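Examination of the molecular architecture
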Amino acid sequence: MTGIVGAARLVLIQVITEKNGIGIMEQDSEVIIEGGCLCRSLRYSITAMPFDADHCHCSLCQKSTGAVVASWMDFRIEQVNWLSSSTPKEYASSETTRRGFCPNCGTSISFRDIGHPQYYTLSIASLDDPNLVAPQYHIHTSNQLRWLNIKDNAPRYTSSRS
Ligand SMILES: [Zn+2]
Ligand SMILES: [Zn+2]
């Protein structure tokens, strides 16, 4: 852990506090947040806070992550830097979507739509400190598991948001 990262975390905590802990933070060029996969073969750093973050309850996210809900955060592609020599292996879950995972440990770590190459999505759970990013809404709630009760006040969309 370098001093730079520690300082960046301090900046983040201040911004989160100002927005009651739920806001998507404004971009800050000093921000460096880090994360990676379970076995640490994949490591990344990000130079901005995400411009969006959500919980997705769709069946594809459930299957591919092995979790009943997937929480994602969105960046511009140039803000994400892979620190490791390896990058995620990608599975084409549709003609346009690519789901990235670690070929060694299987961690579900990334998502991108080749129709929107300027954006890159990472799993919030892959952050070293997932508390830094709070999802703002739920999508595909028509597929949310009946026994999963999430008592937040975030907006809910039965399918995609758009
Ligand atoms: Zn791994
Ligand atoms: Zn999904």
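Residue indices follow the written sequence of each chain, beginning from 1 at its first position. Each chain gets a letter, beginning with A, and each ligand a number, beginning with 1, in the order they are written. This being a predicted model, a pLDDT of at least 70 is required before a residue's local features are given, and a value of 80 or more before pairs of side-chain atoms are given or counted; all residues contribute to the totals for chains, interfaces and linings.

Looking at an unreviewed UniProt entry, the chain carries the name Glutathione-dependent formaldehyde-activating GFA, with the source organism given as Shewanella woodyi.

The subject of this paragraph is the pairing of strand S6 (residues 89–92). Strand pairing follows a simple DSSP-based rule, namely that at least 2 bridges must link the two strands. Helix and strand labels come from DSSP, where a helix needs a run of H or I of at least four residues and a strand needs a run of E of at least two; each type is numbered from the N terminus. Note: S6 against strand S7 (residues 97–101), four bridges, orientation antiparallel. Bridging across to S7, Ala 92 finds its partner in Arg 98. Between S6 and the antiparallel strand that follows it, S7, lie four residues.

The term nonpolar core refers to a group of buried residues, namely Ala, Val, Leu, Ile, Met, Phe, Trp, Tyr and Cys, whose C-beta atoms join them within 7 Å. Three classes are used. A residue is buried when 20 or more other C-beta atoms lie within 10 Å of its own, exposed when 12 or fewer do, and partly exposed in between, with C-beta atoms placed from the backbone. Cys 56, Trp 72 and Ile 109 are the most contacted members of the largest nonpolar core, which has 26 residues in total. Of all elements in the fold, only strand S2 (43–46), strand S4 (70–76), strand S8 (108–113) and strand S9 (119–123) reach the threshold of two or more residues within this core. Sort the elements by how many residues they give to this core and S4 lands first, with four residues. Whether two residues are in contact depends on their C-beta atoms, placed from the backbone: they are in contact if these lie within 7 Å. In contact with Ile 109, other than residues within four places in its own chain, are Cys 37, Leu 42, Pro 88, Gly 100, Phe 101, Cys 102, Leu 122, Ser 123 and Ser 126.

Looking now at the sheet that holds strand S5 (residues 80–82). Pairing within the open sheet is antiparallel, and its three strands lie in the order S1-S2-S5. Two strands close off the open sheet at either side, each with one partner strand: strand S1 (33–36) and S5. Averaged over all pairs of adjacent strands, the angle between strand axes in this sheet comes to 25 degrees, irrespective of strand direction. Examined bridge by bridge, S1 and S2 share four bridges and lie antiparallel to one another. Axis lines are fitted through C-alpha atoms, for helices just across the contact stretch, and the angle between N-to-C directions can take any value from 0 to 180 degrees.

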